[in-house]
Amino acid sequence: MRAWFTGVRPLTALVLIAAVQAATATAYAAGAAPDTAPSAARTPGHVVTWGASADRVGDGAADRGYRLVVHTSVAGDDPRIRLSNAFGDRPITFDNVYVGIQEQGAALVRGSNRPLTFGGARTVTLPAGATAYSDALPGRLPAAVNLVVSLHTPDAAGPATGHGMAMQTSYATWGDHTAEEDASAWPERIGSWYYVDAVSVRPKAATGAVAVLGDSITDGWQSTADLNRRWPDYLARRLRTAATTVKGVANEGISGNKVLADGAGQSALHRLDRDVLSQPGVRTVFLFEGVNDIKAHTGVTSQDLIAGYREVIRRAHAEGKCVVGATIAPFKGWSEWDEAAEAVRQEVNAFVRDSGEFDAVTDFDRILRSPYDHERILPFFDGGDHLHPNDKGMQAMADAVDLGSLDCVGPARP
């Protein structure tokens, strides 16, 4: 038995407590065969435990290293990461990629850092627009742990792929320091994730995941950074102790994102396949978008937005997945609010609640609105800008989700 943590005597479930963050770290045990399939359809048994929507995040730089902190949702064996060059305009090479467990800051739990391979090789080159899974790393990765992905690229240039608003501190450096577990070579703090857009594991049989398609509210703006207080994080905490087979949560929100039009990231319709439907083990799509389409005042009508929702439903159902729809939350007091935008919001919300076209509905509007003015967010939940909920609002949103509505094996669709 080869331990993930060198020098650690194996315990039941090979668990080590990382006291600094009160997170669980485990030992890896040998025995799993590598799996380098590039698509969800070819990853039997794997379920996404962390995800972040890909977008362009500035330009890449050669000889750059990134130490990226991500938080798992569901526990499982044989973890792998997905690298993305979705927005690159040329090939990019990664010559070293490691994963370990965060101790504090850029420092890793001693003995936890392990190299990944891709098709048996330590180096992988991604063509422009491509993604690639690592080989499975034998062993068990627990839920609610900060996994750290350290990667180095000798040749990055042109548009970089990543996730701009992580609400999580990660680290960067120059040169290849991926194998080092101490923090001394990682002085630069960054607020984005680069080139990694998913982590998956093999959990217990019949375990699935929900992928949340959203905007800045789902992305976590106005929640407390580094504490995993986005509403999908609170949802993942509920699912861990619930009597449901859905345990994985992939947060596929992009700040400023729209359902219909590209801008802050590709539109929900354009990124649905890559960010949601391709993620392994996703059983349910949770759709919570539309406020940016409305408040932009580009002439989008309720019927336009409803048509977009129907397209998401149709495509998800074609892949055998359920779709939970959420009503658009109130935003009166935000600079772009006016009565015309409010009228569209009300019409769209009526469709979400009453049409019966979603497999289930979560009414965030009713949860977040003030009882004295239904067009405003309740001050207790207001992050300060009258649009984005604070930590309490994020938790209230997660608490409003009927967990049974996520536990769906997929509707019968032609």
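Cut-offs applied
Residues numbered from 1 in each chain as written. Predicted model: local features only at pLDDT ≥ 70, side-chain atom pairs only at ≥ 80, totals over all residues. Heavy atoms only, no water. Helix = DSSP H or I, 4+ residues; strand = E, 2+ residues; numbered from the N terminus. Buried < 20%, exposed > 50% of the residue type's maximum accessible area, 1.4 Å probe, protein only. Contact = heavy atoms within 4.5 Å. Areas by Shrake-Rupley, 256 points an atom, 1.4 Å probe, with all protein chains shown as cover. Pairing = 2+ DSSP bridges. Axes fitted to C-alpha atoms, helices over the stretch in contact; angles between N-to-C directions. Salt bridge = Lys/Arg side-chain N within 4 Å of Asp/Glu carboxyl O. Left-handed = near helix turned anticlockwise from the far one by under 90°. Nonpolar A, V, L, I, M, F, W, Y, C, P; charged D, E, K, R; others polar. Phe/Tyr/Trp six-rings, centres within 6.5 Å; stacked < 30°, edge-to-face > 60°. Lys NZ or Arg CZ within 6 Å of the ring centre and 35° of its normal. Right-handed = clockwise from strand over helix to strand, strands pointing away.

Counting its secondary structure elements, the protein contains nine helices and 24 strands. With 414 residues in all, the protein has 59% of them scored as buried. For the protein, the proportion of contacts with a sequence separation of at least 24, taken over those separated by at least 6, is 80%. Accessible surface computed for the protein: about 15,200 Å², of which carbon and sulfur atoms make up 52%.

Time to look at the side chain of Arg64. Take Arg64: it is sitting in strand 5 (residues 64-71). By relative accessible area, Arg64 is classed as buried at 10%. Every residue in contact with Arg64, bar those within four places of it in the chain, is listed here: Leu151, His152, Thr153, Ala172, Thr173, Trp174 and Glu188.

With that out of the way, let us pick up the sheet that holds strand 20 (residues 208-214). The strand order 21-20-22-23-24 describes an open sheet built from five strands, whose pairing is parallel. At either end of the open sheet lies a strand with only one pairing partner, and these are strand 21 (246-253) and strand 24 (360-362). Averaged over neighbouring strand pairs, the angle between their axes works out to 25° when direction is ignored.

This part is about the pattern of salt bridges. Taken as a whole, this structure holds 25 salt bridges when the rule is applied. In this structure, the salt-bridge partner of Asp197 is Arg82, at a minimum N-O distance of 2.9 Å. Placement of Asp197 in strand 19 (residues 196-202) and of Arg82 in strand 6 (residues 76-84) is noted, with a sequence separation of 115 residues between them. Looking at Arg82, the relative accessible area reads 2%, which means it is buried. Ionic pairing is found between Arg274 and Asp275, a salt bridge with its closest N-O pair at 3.1 Å. Taking the relative accessible area as the measure of exposure, Arg274 reaches 19% and is therefore buried. In this structure Asp275 comes out as buried when scored by relative accessible area, which is 1%. Overlapping salt bridges, with partners in common, bring together Glu342, Arg345, Arg353, Asp363, Asp365, Arg366 and Arg369 in one network.

It is worth spelling out the packing of helix 5 (residues 302-318) against helix 6 (residues 339-354) at this point. Relative to each other, helix 5 and helix 6 sit at 35°, their axes nearing to 9 Å. When you trace helix 5 past helix 6, the crossing you get is right-handed. Along the contact surface, helix 5 presents Ser302, Leu305, Ile306, Tyr309 and Arg310, while helix 6 presents Val344, Glu347, Val348, Phe351 and Val352. When grouped by side-chain class, the residues that make up the contact of helix 5 with helix 6 number seven nonpolar, one polar and two charged.

All right, on to the packing of aromatic side chains then. Considering all chains together, one arrives at 13 aromatic pairs under this definition. Aromatic side chains Phe380 and Phe381 sit 5.6 Å apart centroid to centroid with 50° between the ring planes, which places their arrangement in the tilted category. According to the relative accessible area criterion, Phe380 is exposed, its value standing at 53%. For Phe381, a relative accessible area of 12% puts it in the buried group. The rings of Tyr66, Phe94, Tyr194 and Tyr195 are connected pair by pair, giving a single aromatic cluster. Directly above the aromatic system of Trp174 lies the positively charged group of Arg64, at a separation of 4.4 Å from the ring centroid. Sitting above the plane of the Tyr234 ring, Arg237 keeps its charged end 5.0 Å from the centroid.

Our next topic: the pairing of strand 3 (residues 47-51). Counting buried positions along strand 3 yields five of five residues, so the element is predominantly enclosed. Pairing of strand 3 with strand 19 involves four bridges; the strand directions are antiparallel. Bridge pairing links Val48 to Ser200 in strand 19.

For sheets, the rule is that strands pair by backbone hydrogen bonds, running either parallel or antiparallel. Read from one edge of the open sheet, three strands run 4-15-18, paired in antiparallel fashion. The open sheet is flanked by strand 4 (55-59) and strand 18 (193-194), the only strands paired with a single partner. Direction of pairing for strand 4 relative to strand 15 (residues 159-163): antiparallel, over a ladder of three bridges. Looking at the pairing, Asp55 lines up with Gly162 of strand 15.

The next thing to look at is the packing of helix 3 (residues 268-277) against helix 5. Between helix 3 and helix 5, whose axes approach to 11 Å, the crossing angle comes to 35°. For the pair helix 3 and helix 5, the crossing hand works out as right-handed. Here Leu269, Leu272, Asp273 and Leu277 of helix 3 come into contact with helix 5, specifically with Gly308, Glu311, Val312, Arg315 and Ala316. Partitioned by chemical class, the residues of the contact of helix 3 with helix 5 number five nonpolar, one polar and three charged.

Let us look at the environment of Ala307. Turning to its location among the elements, Ala307 is positioned in helix 5. Sequence separation between Ala307 and Leu260 is 47 residues; the distance between their C-alpha atoms is 9.3 Å.

Each regular strand carries side chains that alternate between the two faces of the sheet. Of all five residues making up strand 23 (residues 322-326), five are buried, and the element is well covered by its neighbours. The alternating pattern of strand 23 places Cys322, Val324 and Ala326 on one face and Val323 and Gly325 on the opposite face, and all of these are buried. Sheet analysis places strand 22 (residues 282-288) next to strand 23, joined by four bridges and oriented parallel. Counterpart to Thr284 in the pairing with strand 23 is Cys322. The sheet contact formed by strand 23 and strand 24 spans three bridges and is parallel. Looking at the pairing, Gly325 lines up with Val361 of strand 24. A crossover links strand 23 with its parallel partner strand 24, the connecting element being helix 6, and its sense is right-handed.

Such coordinate-based values are descriptive only and should not be taken to indicate function.
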